[in-house]
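Spelled out from the first residue to the last, the chains are:
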Amino acid sequence: QVQLVESGGGLVQAGGSLRLSCAVSGRTGSTYAMAWFRQAPGKEREFVAAISWNGGMTLVADPVKGRFTISRDNAKNTVYLQMNSLKLEDTAVYYCGTRSGWVRITSDTSYAYWGRGTQVTVSS
């Protein structure tokens, strides 16, 4: 159906930047939106940012607003998450997901496909 591959994670010092990529392949005709979620050890998966595939809509979670930016390149079938001014609490596995609508976009249970995740570790 749909395959998602995240990349770009790694170790970075607090205050630094990383750009995550999510490459999409397969039958994506029903894909309306893509989003980034993250999950730290012992914590629930939380919404980070979402973007529509063709409509130009975006939503960014309050904890990362002003620091993270989501974007897309339709020609490359890729979604990006630019992360600036990284904090220790940003440390988590970051996952890319897809869904067919926008309603309840922040709910992690509404996504049809997920990538395997990419680790982001922020150090002092």
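This structure is a prediction, so every number in the text was calculated from the model and none was measured. (Residues numbered from 1 in each chain as written. Predicted model: local features only at pLDDT ≥ 70, side-chain atom pairs only at ≥ 80, totals over all residues. Heavy atoms only, no water.)

K.L.:
Describe in detail the sheet that holds strand S1 (residues 2–7), supporting the description with residues and values.
P.N.:
Taking strand neighbours across the sheet as the criterion, the four strands line up as S1-S3-S8-S7 in an open arrangement whose pairing is antiparallel. Here the strands that pair on one side only, and so sit at the sheet edges, are S1 and strand S7 (68–73). Each neighbouring strand pair of the sheet contributes to a mean axis angle of 15 degrees, computed without reference to strand direction. (Pairing = 2+ DSSP bridges. Helix = DSSP H or I, 4+ residues; strand = E, 2+ residues; numbered from the N terminus. Axes fitted to C-alpha atoms, helices over the stretch in contact; angles between N-to-C directions.)

K.L.:
Account for the side chain of Ser52, naming residues and giving values.
P.N.:
Relative to the elements of secondary structure, Ser52 occurs in strand S5 (residues 46–52). A polar contact is formed between the side chain of Ser52 and the backbone nitrogen of Gly56, at a distance of 2.9 Å. For Ser52, the contacting residues outside a window of four places in its chain are Tyr32, Ala33, Met57, Arg72 and Trp102. (Polar contact = N/O pair within 3.5 Å; in protein donor to acceptor, adjacent residues only side chain to side chain. Contact = heavy atoms within 4.5 Å.)

K.L.:
Provide a residue-level description of the pattern of salt bridges, including the pertinent values.
P.N.:
Taken as a whole, this structure holds four salt bridges when the rule is applied. We note a salt bridge from Asp90 to Arg67, for which the minimum N-O separation is 2.8 Å. Here Asp90, found in the loop between strand S8 (78–83) and strand S9 (92–99), pairs with Arg67, found in the loop between strand S6 (58–60) and S7; they are 23 residues apart in sequence, far enough to count as distant. With respect to class, Asp90 is no different from Arg67; both count as buried. (Salt bridge = Lys/Arg side-chain N within 4 Å of Asp/Glu carboxyl O. Buried < 20%, exposed > 50% of the residue type's maximum accessible area, 1.4 Å probe, protein only.)

K.L.:
Report on the state of the cysteines, specifying residues and quantitative values.
P.N.:
According to the stated counting rule, one finds one disulfide in the structure shown. There is a disulfide in this structure between Cys22 and Cys96, and the S-S distance comes to 2.2 Å. Disulfide Cys22-Cys96: the torsion about the S-S bond is -85 degrees, which places it as left-handed. With Cys22 in strand S3 (residues 18–26) and Cys96 in strand S9, the pair connects residues that are 74 residues apart, well separated along the chain. For the pair formed by Cys22 and Cys96, the shared burial category is buried. (Disulfide = S-S within 2.5 Å.)

Keep in mind these values describe shape, not function.
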